[in-house]
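Residue-level structural notes
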Amino acid sequence: MKITCRNVEKLYALDGRTIRALAGVSCEMRSGELVVVMGRSGSGKTTLLNAVGGLDRPTAGSVLVDGEDLYASGDRALSRYRNERIGFVFQSFHLSHDETALENVLVPFLFARRPPPDAAERGRSALARVDLGDQVDQPAGTLSAGQKQRVAIARAIVNEPEFVLADEPTGNLDESTGADIVALLVGLARQGLGVVIVTHDPAISQVADRVLRIADGRIVDGADGAGAP
Amino acid sequence: MIGPVRAIRRSFHNLGRHRARAFLLAGGVAIGVAMLVFLLAFVAGTRRALLDRVVSSLPITHLTVVPRSFSLSVIKFDSPFSSLDPDAVRRIEVLEGVERVMPMAALKLPAQLRARFFGQGFVTDTGVFGIDTELVADQIPAESGFGTGDAGGVIPAVISEDLIDMYNTGFAKTNDLPQLTPEILAGQQAMLFLGTSSFRPGAEERVRTASISLIGASDRVPLVGVSLPREIVERWNREMAGETTPQYFQLTVVAARAQDVEDVAAGIESMGYDVTSGREIAQRIRTLTRVLQAAFGLIGLVVLGVAGVGIGNALLLSVMERRHEIGIFRSVGASRGDIRLLFLFEAALIGLGGALAGVGLAAAAAYAADLALDRVLPDLLLLPESFFSLSWPILALGLSLGLLVSILAAVPPAHRAARMDPARILTSG
Ligand SMILES: Nc1ncnc2c1ncn2[C@@H]1O[C@H](COP(=O)(O)OP(=O)(O)O)[C@@H](O)[C@H]1O
Ligand SMILES: [Mg+2]
């Protein structure tokens, strides 16, 4: 799978001013590749990730998925894209604390077109892949921060997506826990998934196949030659 | 796409996670539905009781006919041109749609009743009336002898149910006497002294006596006195009061079919009589209770509406509380429609649960109210067994309104949830 951004622009209206979060971004991301997106706070990293993930419609430009314009279709198709081909990981985990690790991991199947009959089994094996095979029935609220982010990764991969998009996944973790999480994500890329990690931790860029630098809504480096300025 | 099955399952799951709120909201619906159902069932029950009562004392095919009366301020006259005699009976009998005419006669002499109840002597002035046996044929068993005018060698007599009620709630209470029932009274013997009263004692030699036996009670006979087969009273009037042509104070006219009643009534009215029909009274009761039902229904609706606003607000709050969950759902593939569906199903389940509880509550309250009324109200024969009628239409109305209000209340919050921007929710900390 290949995701291509073509002159993606995103404007926000804030207090009567217009903020240009993305000012014409063009770039490319592929399965099996680990891309690290770096840039200062407010430079547009999250906005780019959400646009790529089908979560936030650009104001102008297009996002092509294997050549097809992602945002040409409606909410249903975008939702299906997120459900079947994308897994999101967020800085603040976003788990239901009163539900078990497994229940959290199974949420994507709630919205699957055809939930597999062995959904629970898949949930368990996703948790095993993030080394939480023994925490399946723990309420998410009782887990440590690192474990919570692992549950979030298990939730992101349970549907066997082609891309995992992680927005500052280590932002709420200490250094060594963060390193474990990064290692997990690297492992996913080695297994053939496309992995995009947004961060401003320079250490993480060490493991990247490619580093994409962004400033003021523009890519300044690493766009993989697909029309960078 | 979540689909209804998973949506319902997830909604159940969510209600379990937020039990306190679910109970609170369902409680609001329950109270509204309970009030609505309770009030409507009360009106329906009252209507049924009133109609039963009217239909029993004056079935819808029956009309009562009395001489037209003119009232000049407080004084009432019977019109001299509308006397009820056998000739009038004949003229009414031949009217189209009339099946039978049953006259009521009164004894033209004073009379006293002497009896022993519970070992106690008992004397009272009484009215004596003659009625057609057909009038009470469905209320008094045939084997009692009322049809033949002979109850084991004595004259069979019927008294008014209302008289028993009045005796039980008045005389018996103040004099510490046992309560009477038609069953206790049945078979009681008494003596009638004809031609005498406590105001106007008759000369001994002209007073005649007759033995009567009480064989039952009816709500169709005159209130103050005993009612005997009409032929006997007419004979006494002939022999003792010199009456040549019987005069009746009231006729009961039976129409062949209910739909004939209005024409028959009009025909008799044009002959110069006053007519009351059971159908007319029943219709008046129906109209009145329908107005009551509409008013009570409105009260219930207002309560339900308030509950609906409460649900709407609480759900709106819950949408804000659960925005992270909504964001995550969207990020893993929920469409806007899916989110909307989830909130609507949740509200529907709350509404259904609340409505079911409300119906149960109403049934329990009706049962309790009947028990309480039974204790407070005197033991009247005319009181119904239950003041409530929990019919299927009322139950269905309560259930569907509870459900509908909940779903409608959830529309704005569900819409709000569906329109939330997941990108913003998930990345703002
Ligand atoms: N929903 C929004 N409304 C208004 N402005 C926004 C919104 N989301 C992001 N922005 C603005 O867009 C710019 C880029 O934001 P973002 O993509 O989150 O940057 P980053 O992730 O690199 O910190 C920032 O100036 C931010 O304030
Ligand atoms: Mg960001």
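Summarised in this report is the structure supplied together with it. The shown structure was predicted, so the numbers you read here are calculated from the model rather than taken from an experiment.

Attention now moves to the sheet that holds strand S10 (residues 208-218) of chain B. All names here are of chain B. The eleven strands are arranged S6-S5-S9-S10-S8-S11-S7-S4-S12-S1-S13 in an open sheet whose pairing can be described as mixed. The sheet is open, and its two edges are formed by strand S6 (120-125) and strand S13 (273-277), each paired on a single side. On average, adjacent strands in this sheet sit at an angle of 30° to one another, irrespective of strand direction. As paired strands, strand S1 (residues 62-67) and S13 are joined by five bridges and run antiparallel to one another. Bridged to Val-65 within S13 is Val-275. Packed on one face of the sheet, helix H3 (residues 86-93) meets strand S4 (98-106), strand S12 (248-255) and S13 and runs near 160° to S4. Relative to the sheet, helix H7 (residues 261-270) contacts S1, S4, S12 and S13, its axis offset from that of S13 by approximately 165°.

As a rule of thumb, soluble globular proteins bury nonpolar side chains together. Within the largest apolar cluster, 51 residues are counted, with the highest numbers of intra-cluster contacts made by Phe-111 of chain A together with Phe-329 of chain B. Once residues within four sequence positions are removed from consideration, Phe-111 of chain A is found in contact with Asn-83 of chain A together with Met-1, Ile-2, Arg-6, Phe-329, Val-332, Gly-333, Ala-334, Asp-338 and Leu-342 of chain B. Leu-102, Ile-153, Val-182 and Ala-189 of chain A belong to the second largest nonpolar core, which has 42 residues in total.

The next thing to look at is a nonpolar patch on the surface. On the surface, a nonpolar cluster with roughly 250 Å² of combined accessible area is contributed by Ile-31, Met-35 and Ile-299 of chain B. The partly exposed category is assigned to Ile-299 of chain B, whose relative accessible area is 39%.

For the rest of this paragraph, the subject is the layout of surface pockets. Roughly 830 Å³ of volume is contained in the largest pocket. Forming the walls of the largest pocket are 31 residues, and the residues nearest its centre are Tyr-12, Thr-46 and Thr-47 of chain A together with Ala-423 and Thr-427 of chain B. Residues belonging to the lining of the largest pocket are distributed by class as follows: eight nonpolar, 14 polar and nine charged. Here the second largest pocket defines a volume of roughly 450 Å³. Lining the second largest pocket are 22 residues, with Leu-113, Phe-122, Thr-124, Leu-163 and Tyr-167 of chain B positioned closest to its centre. Among the elements of the structure, strand S5 (111-117), S6, helix H4 (161-174), S10 and strand S11 (225-229) of chain B are those that each provide at least two residues to the lining of the second largest pocket. Here the residues of the lining of the second largest pocket are counted per class, giving 17 nonpolar, four polar and one charged.

Time to look at the site of ligand 1. Residues in contact with ligand 1, as listed here, are Tyr-12, Ile-19, Ala-21, Arg-40, Ser-41, Gly-42, Ser-43, Gly-44, Lys-45, Thr-46 and Thr-47 of chain A together with Arg-424 of chain B. Surrounding ligand 1 are residues belonging to chains A and B, so the site spans chains. A distance of 3.2 Å separates an oxygen atom of ligand 1 from a polar atom in the backbone of Ser-43 of chain A. When ligand 1 is considered free in solution it has 560 Å² of accessible area, and contact with the protein chains removes 74% of it. Assessed atom by atom at 2 Å from the grid points, ligand 1 resides in the largest pocket. Listed by contribution, the elements that provide at least two residues to the shell around ligand 1 are strand S2 (17-30) and helix H1 (45-52) of chain A. The leading source of residues in the shell around ligand 1 is H1 of chain A, at three residues.

About the cut-offs
Along each chain, the written sequence defines residue order, and numbers are assigned to residues from 1. Labels are handed out in written order, letters beginning with A for the chains and numbers beginning with 1 for the ligands. In view of the model being predicted, local features appear only for residues whose pLDDT reaches at least 70, and side-chain atom pairs are presented and counted only at 80 or more, with totals across whole chains, interfaces and linings using the full set of residues. To get the side-chain values, all heavy atoms of the structure are used, and hydrogens and water are removed first. Pairing between two strands requires that DSSP report at least two bridges joining them. Numbering of helices and strands starts at the N terminus; helices are DSSP runs of H or I of at least 4 residues and strands are runs of E of at least 2. Axes here refer to lines fitted to C-alpha atoms; in helices the fit is confined to the stretch in contact. Angles between the N-to-C directions go from 0 to 180 degrees. What makes two residues a contact is simply this: any of their non-hydrogen atoms within 4.5 Å. Think of a nonpolar core as a cluster: buried Ala, Val, Leu, Ile, Met, Phe, Trp, Tyr and Cys residues, connected wherever their side-chain atoms sit within 4.5 Å. Buried, partly exposed and exposed residues are distinguished by accessible area as a fraction of the type maximum, computed with a 1.4 Å probe on protein chains only: under 20%, between the cut-offs, and over 50%, respectively. Each patch is built from residues that are more than 30% exposed by relative accessible area and take part in no salt bridge. Like charges join if they lie within 9 Å; nonpolar side chains (Val, Leu, Ile, Met, Phe, Trp, Tyr) join within 5 Å. Under the convention used here, a 1.4 Å probe and the Shrake-Rupley method define accessible areas, while residue burial counts only the protein chains that appear. Just to be clear on terms, a salt bridge is a Lys or Arg side-chain nitrogen sitting within 4 Å of an Asp or Glu carboxyl oxygen. Computed over the protein atoms alone on a 1 Å grid, cavities are sets of points where a 1.4 Å probe fits but cannot get out and pockets are open sets with protein on both sides within 12 Å along at least five of seven lines; a residue lines them when it has an atom within 4 Å of a point. Grid points are joined across faces, edges and corners, and a volume is the space filled by probe spheres set on the points. Each residue gets one label: Ala, Val, Leu, Ile, Met, Phe, Trp, Tyr, Cys and Pro are nonpolar, Asp, Glu, Lys and Arg are charged, and the others, such as Gly, are polar. Note on terminology: near, applied to a residue and a molecule or strand, indicates that one of the residue's heavy atoms is within 4 Å of it. Residues adjacent in sequence count toward polar contacts only when both atoms are side-chain atoms; beyond that, a polar contact is any pair of N or O atoms within 3.5 Å, and within protein one must be able to donate a hydrogen and the other to accept it. For this analysis, a molecule is said to be in a pocket or cavity if more than half of its atoms are within 2 Å of the grid points defining it.

Functional significance is not addressed by these values, which are geometric in nature.
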